[in-house]
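# Fold and geometry: a report
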Amino acid sequence: WGVPVPLPNADGKVLYVWLDAPIGYISATKQWAADNGKDWKDYWCGENTRVTHFIGQDITYHHCIFWPAMLQGAGYGIPHAVVASGMLKIDDHKFSKSRGYVVWTNEDYLDQGLPADYLRYYMLTYTSHTKEMNFSWQLFQERVNNEVVNNLGNFIYRSLHLSHKQFGGVPEGTVEEEIKTRIHETIKTVTSLVDSFDFKGAVDSILSLSAWGNTYIQSKEPWKLAKTDPIAMAQVMCNCLHLAKALVLMIEPVMPERASLIWGQLGQSEEISNANFEDLNNNLTPGSLPAPSIVFTKIDDKMTADFDCRLRERVDALDAEKKPQTPHISIDEFAKVEMKTGKVLSAEPVPKSSKLLKLQVSLGDEVRQIVSGIAQFHKPEDLVGKDVVVCTNLKPAKIFGIESNGMILAAGDEASLLTPISPVSPGTKIR
């Protein structure tokens, strides 16, 4: 299948998914541009386009050779950058729907009441964007609780809570230069890291700033200053609220929903998505703020255990489905198989075979010649005199040119012979 290549010397060559699928990227841009009053050619055509491709590592070859060649040949701009992500794993297993190692975004996550922002955070900060990412519920819980809740969420809520409790909102004051300098340095670092597609490094820098904020507020002890020096407390809280505003602005691309909620608690009326870092040149307007609420909540152990159990049950269920099912037979069908005890009278190797032995087996009233593939596990001399179990009503067959009239029963890969635990006469029927 595919579209034949309309070129000389291309007999038998066809174009398939790598011709039409990437063009969908352009089609999507064209639709978006039409809906938003833009010209899609500004993004895809000409030498100055800056389209960045985010792909999986398994299609690097196509996106770095075929796709740019197609674009250039058609007069479009080639990719500004191609960022190849590492592969996704679930609990250290390769992501696989057929084996159950998958987390469904709706069924397993959003429908269970978990915020999309937590998953965005985890996926962006687990490791370098180009390395493999592993998802496990236990590690997800640890990262969210320790980094998002205990670090970022803790600083922002404490700043809002103490300010509201003591001043009803934003106190009078001017943000100190130390705070502005640290914010400026972090923004510079984050911007550079994002430009180089190091999203983990960028978020780590933001969290480092919030960790510094936790240390700052702990060292200043504003709850004590409330009783001894309210003016000094106002200065501390003015600094903390400005730092909280900067942190929310920086983390918004990673956790837009939570950032928007905090933005409102900071008394900002415009959408945070329309704000930019220049807004940090202005201090928060002194005045009342609504009572703050906790925006980042911990994931408890029971929830993690339930989610992990759901994953295990899915994997086990799919494993069970894949195991070959032995069909049931009736007792009448089983009765058609005749098995008797036998005694090996002689055994010798089959010439030119490393696996076969030719046995003479007494069944009481007759002696059967049986060819058996047990030579790798049993020496001929050790078999003589042994009691064995024989299927006696198999159709005769020729094996290596030797007629075989029955089958000796053995278990496992090492051919452990079935034998009665107490002496019985050769020819005794197995019931």
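Please read all numbers here as calculations on a predicted model, not as lab measurements.

What follows concerns the overall build of the chain. Along the backbone of the chain there are 15 helices and 18 strands. The C-alpha radius of gyration computed for the chain amounts to 37 Å, which surpasses the reference 22 Å derived for 431 residues by more than 25%, pointing to a less compact arrangement than a globule. Across the 431 residues in the chain, those meeting the buried criterion constitute 40%. When the accessible surface of the chain is summed, it comes to about 25000 Å², and 53% of that surface belongs to carbon and sulfur atoms. Charge separation in the chain, taken as the distance between the mean sites of 43 positive and 52 negative side-chain charges, equals 6 Å.

For the rest of this paragraph, the subject is the pairing of strand β13 (residues 387-391). Among the 5 residues that make up β13, 5 are buried, leaving the element largely enclosed by the rest of the structure. Side chains D387, V389 and C391 of β13 all project onto a buried face; the interleaved residues V388 and V390 project onto the opposite face, where all are buried too. Where strand β10 (residues 339-349) meets β13, 5 bridges bridge the pair, whose relative direction is antiparallel. Along β13, the bridge assignment pairs K340 with V390. When β13 meets strand β16 (residues 407-408), the two strands line up antiparallel, connected through 2 bridges. Looking at the pairing, V390 lines up with I408 of β16.

This brings us to helix α8 (residues 177-195). Spanning 19 residues, α8 covers 27 Å between terminal C-alpha atoms, matching the ideal 27 Å at 1.5 Å per step. All of the buried residues along α8 are I179, I183, T186, I187, V190 and L193. For α8, the buried positions fall inside an angular range of 135° around the axis, keeping them on one side. Opposite the buried face of α8, at more than 90 degrees from it, the exposed residues are E177, H184, K188 and D195. Considering only its buried residues, α8 is in contact with α9 (199-220) and α11 (230-251).

What follows deals with the nonpolar core. Within soluble globular proteins, side chains that are nonpolar generally end up buried alongside one another. Counting residues in hydrophobic clusters, the biggest one holds 68 residues, and the most contacted among them are Y118, F135 and F140. Breaking this core down by element, the ones donating at least two residues are α6 (116-125), β7 (133-135), α7 (137-167), α8, α9, α11, α12 (256-265) and α13 (301-322). Every residue in contact with Y118, bar those within four places of it in the chain, is listed here: Y109, F140, V144, V148, V149, F296, T297 and I299. V344, L363, L383 and V390 belong to the second largest nonpolar core, which has 14 residues in total.

On to unusual backbone geometry, then. A positive phi is found at N9, a non-glycine position, where the angle reads about 60°. The residue N9 is located in the loop between β1 (3-4) and β2 (14-15) in this model. A residue is classified by how much of its surface remains accessible, and N9, at 82% relative accessible area, is exposed. For K352, which is not glycine, the phi dihedral falls at a positive 65°. With respect to the helices and strands, K352 occurs in the loop between β10 and β11 (357-362).

At a closest axis distance of 7 Å, the pairing of α6 and α12 adopts a crossing angle of 120°. Here α6 lies oblique to α12, going by the angle between them. In contact with A116, D117 and R120 of α6, α12 contributes P256, E257 and R258. Along the lines of polarity and charge, the residues of the contact of α6 with α12 split into 2 nonpolar, no polar and 4 charged.

Reading guide: rules and limits
- Chains are numbered independently. Their residues run from 1 in the order of the written sequence.
- The predicted nature of this model means local features are confined to residues of pLDDT at least 70 and side-chain atom pairs, given and counted, to a pLDDT of 80 or more, with totals for whole chains, interfaces and linings taken over all residues.
- Heavy atoms throughout the structure, all of them, feed into the side-chain values; hydrogens and water do not.
- Numbering goes from the N terminus for both helices and strands, where a helix is a DSSP run of H or I of at least four residues and a strand is a run of E of at least two.
- For the radius of gyration, the atoms used are the C-alpha atoms, and the globule rule reads 2.2 Å times the number of residues raised to 0.38.
- Type-normalised accessible area, obtained with a 1.4 Å probe on protein chains alone, sets the label of each residue: buried when under 20%, exposed when over 50%, and partly exposed for intermediate values.
- We get accessible surface area from the Shrake-Rupley algorithm with a probe of 1.4 Å; when it comes to residues, only the shown protein chains can shield them.
- Note that His is not counted, nor are the chain ends; the positive residues are Lys and Arg, and the negative ones are Asp and Glu.
- We put the charge of a Lys on NZ, of an Arg on CZ, of an Asp on CG and of a Glu on CD.
- Two strands make a pair as long as DSSP finds a minimum of two bridges between them.
- By definition here, a helix of n residues has an expected span of 1.5 Å times n minus one.
- The arc in question is the one spanned by the directions pointing from the helix axis to the C-beta atoms.
- Residue contacts are defined here by distance: any two heavy atoms, one from each residue, within 4.5 Å place the two residues in contact.
- What makes a nonpolar core is a set of buried Ala, Val, Leu, Ile, Met, Phe, Trp, Tyr and Cys residues whose side-chain atoms join them at distances within 4.5 Å.
- Axis lines are fitted to C-alpha atoms, over the contacting stretch for helices. Their N-to-C directions set the angle, which ranges from 0 to 180 degrees.
- What sets the label is the angle itself: under 35 degrees gives roughly parallel, over 145 gives roughly antiparallel, 65 to 115 gives roughly perpendicular, and the rest give oblique.
- We call Asp, Glu, Lys and Arg charged. Ala, Val, Leu, Ile, Met, Phe, Trp, Tyr, Cys and Pro are nonpolar, and the rest, Gly among them, are polar.

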